[in-house]
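Tertiary structure, described
Residue-level listing of the chains:
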Protein chains: 2
Amino acid sequence: MSPRRSAAEARSTRERIIRRSVDVASLEGLEGLTIGRLAEDLGLSKSGLLGHFGSKEVLQLATLERASVIFNNEVWAPAADARPGLDRLHAVCAAWISYLERGVFPGGCLFVSSTFEYDGRGGPVRALLRRQFAVWRRRLAADVRTAVRRGELPAGSDPEQLVFELSGVMMSLNHALQLHGDSAAVVRARRAVHRLLDAACRPDGRPPSA
Amino acid sequence: MSPRRSAAEARSTRERIIRRSVDVASLEGLEGLTIGRLAEDLGLSKSGLLGHFGSKEVLQLATLERASVIFNNEVWAPAADARPGLDRLHAVCAAWISYLERGVFPGGCLFVSSTFEYDGRGGPVRALLRRQFAVWRRRLAADVRTAVRRGELPAGSDPEQLVFELSGVMMSLNHALQLHGDSAAVVRARRAVHRLLDAACRPDGRPPSA
DNA sequence: ATAGAGTCCGAACGATCGGTCGCTATAGTC
DNA sequence: GACTATAGCGACCGATCGTTCGGACTCTAT
């Protein structure tokens, strides 16, 4: 029936599996991912699909790695060229909001859903999630520190605090979009980011460009 | 082996099931709840357990209803006696943070986890979640409006905006506690709430008590 | 004493889960 | 052209899923 694939095509098959897996996982969760349904969707047999990974857990890890690439392309890459510091923080947040608004992952940010799915368990999946979040947090905090050094943010700013609050804005946006379909939340998120990053709210009332 | 329960004991059995179900669901998710394991944990048979509900979906709904009662007891009740307006908002947020910090649900706030589990699907479970969140949001927004009317918050404040940002803080806290076990996030959450509710950051620089 | 309602069990159901095994057909290598 | 590696298939495994059913049992009401 279906012709055997060449070695060159095999990589593209793996591609197809992972791409689909990311979408399904964002909708049904990393655990809701089932080999059988995934294989059926792609016109493969279960064993043929599993042969590319060896186990479901490896597939889950590959899915998260791939989601990380997508996230970086969508959120970090568009901002990477901005000037490090406050400019880039603004650019990242704009890209972040856009990424959620456009529904890059159809079921919402895969990292957020996966976190709340795996936070109560152990295992490699949770460990990978922790690493990925840590990397992202560190990256944002670095730009906050740069902004502070430049005087674009007040000297007393706690980088971890700001990252904590920005993450909260994005989670709240993800929540509002996915559960309520409330597109008004997008402007609320922008306002919140503005309030967190901009001068309106400095303790000394000084504009950040000083 | 196990003695048959009287009619009077039946209610307490249902109680035991739901109580356990809430804990398991917060750790494994509402879908990860399985009749078999739940029955085994409680020393019941699967059919005996299911007899109290009829289907897994009914059990899930009962679990959410119960979680709502717990949430209200832990977060709303301690603040209910405070003066409506800014005072009560502060009290609610303090109770909310404490509720997350103490791990009332061992796997983190059940509503947050359930949301991200069911936001991609339809069905009565998601519908119930939407209603519960809407009620909570409306309750908070009402106190924001009272605070604005009283002049405790600036006149231009958008209630939905504030509720959106407060929710974000709590989700970020839940995330930090559950995934990273980062207890420092508790003070970050307090700082964030302070910044959202207190005077330090008014557009007109006026203290809220004016 | 007796009938009925309700609680719970044990066995079984079809379905589906992740995973294994042996096989065929092809691509690339020599 | 023979050899090796591997992509993919089909059949199958044991486990577990939610659910159903009949019956044993306890209580309450009459």
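In this text the structure is predicted, and so the values were computed from the model without any measurement. (Residues numbered from 1 in each chain as written. Chains lettered and ligands numbered in written order. Predicted model: local features only at pLDDT ≥ 70, side-chain atom pairs only at ≥ 80, totals over all residues. Heavy atoms only, no water.)

Some details on the overall build of chain A
A count of helices and strands for chain A gives nine helices and zero strands. A total of 210 residues make up chain A; the buried ones form 50% of that total. By sequence separation, contacts in chain A at least 24 residues apart represent 65% of the contacts at least 6 residues apart. Accessible area of chain A: about 9500 Å², with a carbon and sulfur share of 53%. (Helix = DSSP H or I, 4+ residues; strand = E, 2+ residues; numbered from the N terminus. Buried < 20%, exposed > 50% of the residue type's maximum accessible area, 1.4 Å probe, protein only. Contact = heavy atoms within 4.5 Å. Areas by Shrake-Rupley, 256 points an atom, 1.4 Å probe, with all protein chains shown as cover.)

Some points on the confidence of the model for chain A
Confidence in the prediction for chain A averages 91 pLDDT; 89% of positions are at 70 or higher. Between residues 203-210 of chain A, whose pLDDT stays under 50, and residues either more than four places distant or in other chains, the model counts nine contacts. (pLDDT = per-residue confidence, 0-100.)

Quick notes on empty space enclosed by the protein
With the rule as written, the count across this model stands at three cavities of 30 Å³ or more. Within this model, the largest cavity holds a volume of roughly 60 Å³. If you go around the largest cavity, the residues you meet are A:Glu165, A:Gly168, A:Val169, A:Arg195, A:Leu196, B:Glu165, B:Gly168, B:Val169, B:Arg195 and B:Leu196. Those elements that place two or more of their residues in the lining of the largest cavity are helix H8 (159-180) and helix H9 (185-197) of chain A together with helix H8 (159-180) and helix H9 (185-197) of chain B. Looking at the lining of the largest cavity residue by residue, the class counts come to four nonpolar, two polar and four charged. (1 Å grid on protein atoms, 1.4 Å probe; cavity = no way out; pocket = protein on both sides within 12 Å on 5 of 7 lines; lining within 4 Å. Points joined across faces, edges and corners; volume = space filled by probe spheres on them. Nonpolar A, V, L, I, M, F, W, Y, C, P; charged D, E, K, R; others polar.)

Some points on the interface of chain A and chain B
Note: interface size is frequently given as the accessible area lost on complex formation between the parts. Tallying the contact residues gives 40 residues for chain A and 40 residues for chain B. Summed over both sides, the interface between chain A and chain B buries roughly 3700 Å², with carbon and sulfur atoms accounting for 56% of that surface. If you sort the residues of chain A by the area they bury against chain B, A:Phe116, A:Phe164 and A:Leu179 come out on top, with a joint share of 20%. Run the count over chain A and chain B and you get four salt bridges. A:Glu165 serves as the salt-bridge partner of B:Arg195, at 2.1 Å between the closest nitrogen and oxygen. Counting across the interface, chain A meets chain B through 16 residue pairs in polar contact (both at pLDDT 80 or more). Elements with a minimum of two residues in the side of chain A that touches chain B: helix H1 (7-28), helix H6 (110-118), helix H7 (123-150), H8 and H9 of chain A. In terms of residue class, the side of chain A that touches chain B is built from 15 nonpolar, 12 polar and 13 charged. (Buried area = accessible area lost by both parts, 1.4 Å probe. Salt bridge = Lys/Arg side-chain N within 4 Å of Asp/Glu carboxyl O. Polar contact = N/O pair within 3.5 Å; in protein donor to acceptor, adjacent residues only side chain to side chain.)

Some thoughts on H6(A)
For H6(A), the buried fraction is high: nine of the nine residues fall into the buried class. Where H6(A) is concerned, the buried positions are A:Leu110, A:Phe111, A:Val112, A:Ser113, A:Ser114, A:Thr115, A:Phe116, A:Glu117 and A:Tyr118.

Topic: the side chain of B:Ser172
For B:Ser172, the position within the fold is in helix H8. Ignoring sequence-local partners within four residues, the contact set of B:Ser172 consists of A:Phe164, A:Ser167, A:Gly168 and A:Met171.

Re the packing of helix H5 (residues 86-101) of chain A against H9(A)
Residues and elements named next belong to chain A. At their nearest, the axes of H5 and H9 sit 11 Å apart, and the two run at 165° to each other. In terms of orientation, H5 and H9 fall into the roughly antiparallel class. H9 is crossed by H5, and the crossing has right-handed handedness. Here Leu86, Leu89, His90, Cys93, Ile97 and Glu101 of H5 lie close against H9, whose contacting residues are Val186, Ala189, Arg190, Val193 and Leu197. Split by residue class, the contact of H5 with H9 holds eight nonpolar, one polar and two charged. (Axes fitted to C-alpha atoms, helices over the stretch in contact; angles between N-to-C directions. Parallel < 35°, antiparallel > 145°, perpendicular 65-115°, else oblique. Left-handed = near helix turned anticlockwise from the far one by under 90°.)

A closer look at the relation of the copies chain A and chain B
Put simply, the second copy of the chain is the first one after a rotation about an axis and a shift along it. Mapping chain A onto chain B leaves a residual RMSD of 0.0 Å; the transformation is a rotation of 180° accompanied by 0.0 Å of translation along its axis. With respect to symmetry, the two chain copies, as superposed, fit the operation of a two-fold axis. No C-alpha of chain A approaches the rotation axis more nearly than that of A:Gly168, which lies at 2.0 Å. The fraction of interface residues of chain A whose copies in chain B are also interface residues reaches 100%, indicating that both copies meet through the same surface. (Least-squares fit on C-alpha atoms with pLDDT ≥ 70 in both.)

So, the UniProt feature "DNA-binding region" (unreviewed entry) in chain A
In the numbering used here, UniProt assigns the feature "DNA-binding region" (unreviewed entry) to residues 34-53 of chain A. Helix makes up 65% of residues 34-53 of chain A and strand 0%, with an end-to-end C-alpha separation of 13 Å. (UniProt positions renumbered as here; feature names shortened; annotations may be inferred.)

A closer look at the packing of H6(A) against helix H6 (residues 110-118) of chain B
Packing of H6(A) against H6(B) leaves a shortest axis separation of 9 Å and a crossing angle of 125°. When the interaxial angle is binned, H6(A) and H6(B) end up oblique. As H6(A) packs across H6(B), the resulting crossing turns out to be left-handed. For the pair H6(A) and H6(B), contact is made by A:Val112, A:Ser113 and A:Phe116 and by B:Val112, B:Ser113 and B:Phe116, respectively. A per-class count over the contact of H6(A) with H6(B) returns four nonpolar, two polar and no charged.

Some remarks on the environment of A:Ala192
Along the polypeptide, A:Ala192 turns up in helix H9. Between the C-alpha atoms of A:Ala192 and A:Glu165, which are 27 residues apart in sequence, the distance is 9.4 Å. With sequence-adjacent residues up to four places away left out, A:Ala192 is seen in contact with A:Val169, B:Gln161 and B:Glu165.

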